[in-house]
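Notes for the structure review
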Amino acid sequence: MSSTTRLTVAQALVRFLSVQYTERDGVRHRLIAGTWGIFGHGNVAGIGQALLEAGEDAMPFHQGRNEQAMVHAAVGHARQLNRLSAQAVTTSIGPGATNLVTGAALATINRLPVLLLPGDYFATRAADPLLQQLEHPTEADVSVNDTLRPVSRFFDRVHRPEALIPAALQAMRVLADPAETGAVTLALPQDVQAEAYDWPTEFFAERVWRVRRPAPDPVELAEATRAILGAARPLIVAGGGVHHSEAEEALKAFADATGIPVTSTQAGKGSLRHDHPAELGGIGHTGTAVADDLARTADLVIGVGTRYSDFTTASGTLFQNPGVRFLNLNITSFDAHKLAARTLVCDARAGLEALTSALEGHRVNAAYAAEYGAGKERWERVVTRAFDAADENAVPTQTQLLGALDAIVGDEDVVINAAGSLPGDLHKLWRARSPRQYHLEYGYSCMGYEIPAAIGVQQATPDTPVWALVGDGTYLMMPTELVTAVQEGLPINLVLIQNHGYASIGGLSESVGGERFGTAYRYRAADGTFSGAPLPVDLAANAASLGMDVLRAKTVRELREALATARASDRPTCVYVETDTATPTAPPAEAWWDVPVAETASREAAVAARTEYDRQAAARRTHL
């Protein structure tokens, strides 16, 4: 008879998680490197007690302040480690559980692993309804945790102790799967968490989940090779899958051998170092002029690890060559088949290596290489103009702030952003120097991601200088995890930009006839609009009150000095700057983005915006 160990369900789950590992290319990582938690009645006596009993060596615990932010921190950790390690997040029943939904959506959209462990109602219904329980009049087994179903790659509710075994194994399978990964939810009824069971000892044996690198199918590889050989103007779109697969060197070798130019999505930027001759920067609505110009005339678009969001395709208007075709190298069949593409369903590194070998001796036409090389040089001059400040004593613009940061960071630094006007400026202008430096969450573009993600990155790679770039709108949504950074002594650097409102969406509002309605942080004026004086908030004082060291910078010179001081500090540090929003220094969008405009309106701005919308929308294509 096999031996057993008597533990509660929560104790068994924590012990099981502590001995799960991933392995790729012979390198092993803990699959669940730690657990974030905020405790309430739904998990304090279950998972909370189990974590206490297990101890820090078995399962490190991280104390959070907001449940959504804890998921963001776990996602930042997973992305920094190429999805080979994840973290768990435990919450109580009720609002703690529903606060997970935004973070779960972000994780699943970005294909990044995180394990969610929310408390749930009593499986026995001994107490019914209990505090914070949702009662549904026709579906008694529904709880608020069901809101996590559509945003999770795997969901299970553990109604009985023995059900934990298959649920936990399935959860690990999905977390470690390079194609299926995302948020994984195990909803844990409160009474079941505390219930004891005789567990087979084998359940707690060390398990290694090997992260595969599937090779391309020979037939697909042959077709892909023929497509590339027959293309006169091929163009690569590098997505986040290049990073997840650690395929950057394979992409460099492919570009070196073939001369095919490389553009990147927000998730894929940094796939090639910025000064590589074939690296043309971002593509799409926030792309560079050289990248978007080539995209319009490309006859073969080679997507590597990209899911082709509307920002990448300029809402279906970017790829305008009448004969353009697509070749998608992706580990997921779902993404590989987009845009009616030829497919190469495989690991990004394995696929690129196979293509490089199959194309030995093939290079693009010298005139094509010279064309994109000249375009790259022209765009570099645009970047320099945007970054440089003629007057060191002037208030910096946002792009001059990025120029000052560009001059301070090293190759090892990580720059994190997610929302506002910064993603556009960064995608167009940032000179990425290493695969991990550019950390933009733009699958969900979630305000509030940056600060907790910086904590997750810092935990994953403790000696890495980490920068969270945050506007005032984002900061006011979720500054809470600054307390966590202070508590843990994590020397993250926060660059806090004050521009008195939702500047990015304000600009978009203006362009689509919305006249910046409801986007400024100002007092109400006599006419009822928010057009009075700026609000007298002091975000720097707020950051200081949460324990951060704060450096205020009013000029370009002071900004440079503050950034250098922050990078040298071993404490969580905030650099606060109020930017010049009146002087335009950012280059305009090089491609369209479809935000539908009112078809009928009485206001002149909306009527004019609709006319422009109809003109742009006429260029939209369906690729078949």
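See the structure shown above.
The following paragraphs examine the structure supplied in this document. Remember, it's a predicted structure, so these values are computed and weren't measured experimentally.

Thresholds applied
- Residues numbered from 1 in each chain as written.
- Predicted model: local features only at pLDDT ≥ 70, side-chain atom pairs only at ≥ 80, totals over all residues.
- Heavy atoms only, no water.
- Phe/Tyr/Trp six-rings, centres within 6.5 Å; stacked < 30°, edge-to-face > 60°.
- Helix = DSSP H or I, 4+ residues; strand = E, 2+ residues; numbered from the N terminus.
- Buried < 20%, exposed > 50% of the residue type's maximum accessible area, 1.4 Å probe, protein only.
- Pairing = 2+ DSSP bridges.
- Axes fitted to C-alpha atoms, helices over the stretch in contact; angles between N-to-C directions.
- Contact = heavy atoms within 4.5 Å.
- Core = buried A, V, L, I, M, F, W, Y, C linked by side-chain atoms within 4.5 Å.
- Polar contact = N/O pair within 3.5 Å; in protein donor to acceptor, adjacent residues only side chain to side chain.
- Parallel < 35°, antiparallel > 145°, perpendicular 65-115°, else oblique.
- Left-handed = near helix turned anticlockwise from the far one by under 90°.
- Nonpolar A, V, L, I, M, F, W, Y, C, P; charged D, E, K, R; others polar.
- Salt bridge = Lys/Arg side-chain N within 4 Å of Asp/Glu carboxyl O.

Moving on: the packing of aromatic side chains. One pass over the structure, following the stated rule, counts twelve aromatic pairs. Ring centres of Phe311 and Trp593 lie 4.5 Å apart, and the angle between their planes is 65°; this geometry places the pair in the edge-to-face category. A residue pair is termed long-range when its members are at least 10 positions apart, and Phe311 in helix α12 (residues 310-313) and Trp593 in the loop between β23 (573-578) and α24 (604-617) qualify at 282 residues. Its relative accessible area of 10% is what places Phe311 among the buried residues.

In space, the six strands of this open sheet follow the order β19-β18-β20-β21-β23-β22, with parallel pairing throughout. Every interior strand has two partners, whereas the edge strands, β19 (438-440) and β22 (549-553), have only one. Across the sheet, the axes of successive neighbouring strands diverge by a mean angle of 20°, strand direction being ignored. In the sheet, strand β18 (residues 414-417) pairs with strand β20 (residues 466-471) via three bridges, with the strands oriented parallel. Paired with Val415 across the strands is Trp467, a residue of β20. Against the sheet, helix α17 (residues 422-429) contacts β18, β19, β20 and β21 (493-498), and its axis sits at roughly 150° relative to β19. Contacting β18, β19, β20 and β21, helix α18 (residues 450-460) runs over the sheet at an angle of about 175° to β20.

Counting residues in each nonpolar core, the largest one holds 80 residues, and the members touching the most others are Ile228, Trp467 and Leu469. Ranked by residue count, the leading element in this core is helix α15 (residues 366-387), at seven residues. If we ignore the near neighbours within four places in the chain, the residues touching Trp467 are Leu405, Ile408, Val409, Asp413, Val414, Val415, Ile416, Asn493, Val495, Leu563, Ala566 and Arg567. In this structure, Ala107, Leu112, Ala540 and Tyr576 belong to the second largest nonpolar core, which totals 46 residues.

Summarising the element assignment, His41 is placed in the loop between β4 (32-37) and α2 (44-54). A residue is classified by how much of its surface remains accessible, and His41, at 34% relative accessible area, is partly exposed. With 91 residues separating them along the chain, His41 and Gln132 place their C-alpha atoms 9.8 Å apart. Beyond its immediate sequence surroundings of up to four residues, His41 is in contact with Ser92, Ile93, Leu130, Leu131, Gln132 and Gln190. Here Leu131 takes part through its backbone oxygen, which lies 3.1 Å from a polar atom of the side chain of His41.

Next up on the list: the sheet that holds strand β7 (residues 114-120). If you trace the six strands from one edge of the open sheet to the other, you get β5-β4-β6-β7-β9-β8, paired in parallel fashion. For this open sheet the edge positions go to β5 (61-63) and β8 (154-157), each flanked by a neighbour on one side alone. Taken pair by pair, the neighbouring strands of this sheet meet at an average axis angle of 20°, ignoring direction. Across five bridges, the pairing between β7 and strand β9 (residues 183-189) is parallel. Across the sheet, the residue bridging to Leu115 is Val184, located in β9. Against the sheet, helix α5 (residues 100-109) makes contact with β6 (86-91), β7 and β9, and its axis sits at roughly 155° relative to β7, the strand it touches most. Contacts from helix α6 (residues 164-176) reach β4, β7, β8 and β9, with the element oriented near 160° to β9.

Attention shifts here to the packing of helix α3 (residues 67-80) against α18. Across the interface, α3 lies against α18 with an axial gap of 7 Å and an inter-helix angle of 40°. The pairing of α3 with α18 is recorded here as oblique in orientation. Between α3 and α18 lies a crossing whose hand is right-handed. Contacts between α3 and α18 involve Ala69, His72, Ala73, Gly76, His77 and Gln80 from the former and Pro452, Ala453, Gly456, Val457, Gln459 and Ala460 from the latter. Considering only residue class, the contact of α3 with α18 consists of six nonpolar, six polar and no charged.

Moving on, we come to the pattern of salt bridges. One pass over the full model with this rule turns up 34 salt bridges. The salt bridge involving Lys252 is made with Asp256; its shortest N-O contact spans 3.0 Å. On the criterion of helical spacing, the pair formed by Lys252 and Asp256 is a turn pair, its members being four residues apart in helix α10 (residues 248-258). One network of salt bridges, with partners in common, ties together Glu23, Arg28, Glu206 and Arg210.

In this section: the side chain of Asn145. Tracing the sequence through the fold places Asn145 in the loop between β7 and β8. In terms of polar contacts, Asn145 uses its side chain to reach the backbone carbonyl oxygen of Gly119, at 2.8 Å. Not counting residues up to four positions away in its chain, the partners in contact with Asn145 are Ala97, Pro118, Gly119, Asp120, Phe155, Arg157 and Ala187.

A few words now on unusual backbone geometry. In this chain, Asp128 is followed by Pro129 through a cis amide linkage whose omega measures 0°. One can find Pro129 in the loop between β7 and β8. The phi angle at Ala314 is positive, at roughly 50°, despite the residue not being glycine. With respect to the element layout, Ala314 can be found in the loop between α12 and β16 (325-330). A relative accessible area of 0% means that Ala314 is categorised as buried. Of note in the backbone geometry, Glu515 takes a positive phi value of approximately 55° without being a glycine. Summarising the element assignment, Glu515 is placed in the loop between α21 (503-511) and α22 (539-545). Overall, Glu515 belongs to the partly exposed group, its relative accessible area being 37%.

Relative orientation of the contacting elements α10 and helix α14 (residues 348-358) amounts to 20°, with a least axis distance of 9 Å. As summarised for this structure, α10 and α14 are arranged roughly parallel, according to the angle between their axes. As for the relative orientation of α10 and α14, their crossing is left-handed in sense. The residues of α14 that touch α10, namely those facing Ala250, Leu251, Ala253, Phe254 and Ala257, are Arg349, Leu352, Glu353, Leu355 and Thr356.

Now for the side chain of His77. Inspection of the secondary structure assignment puts His77 in helix α3. Setting aside chain neighbours within four positions, we find His77 in contact with Ala33, Ser85, Ala86, Gln87, Gly456, Val457, Gln459 and Ala460.

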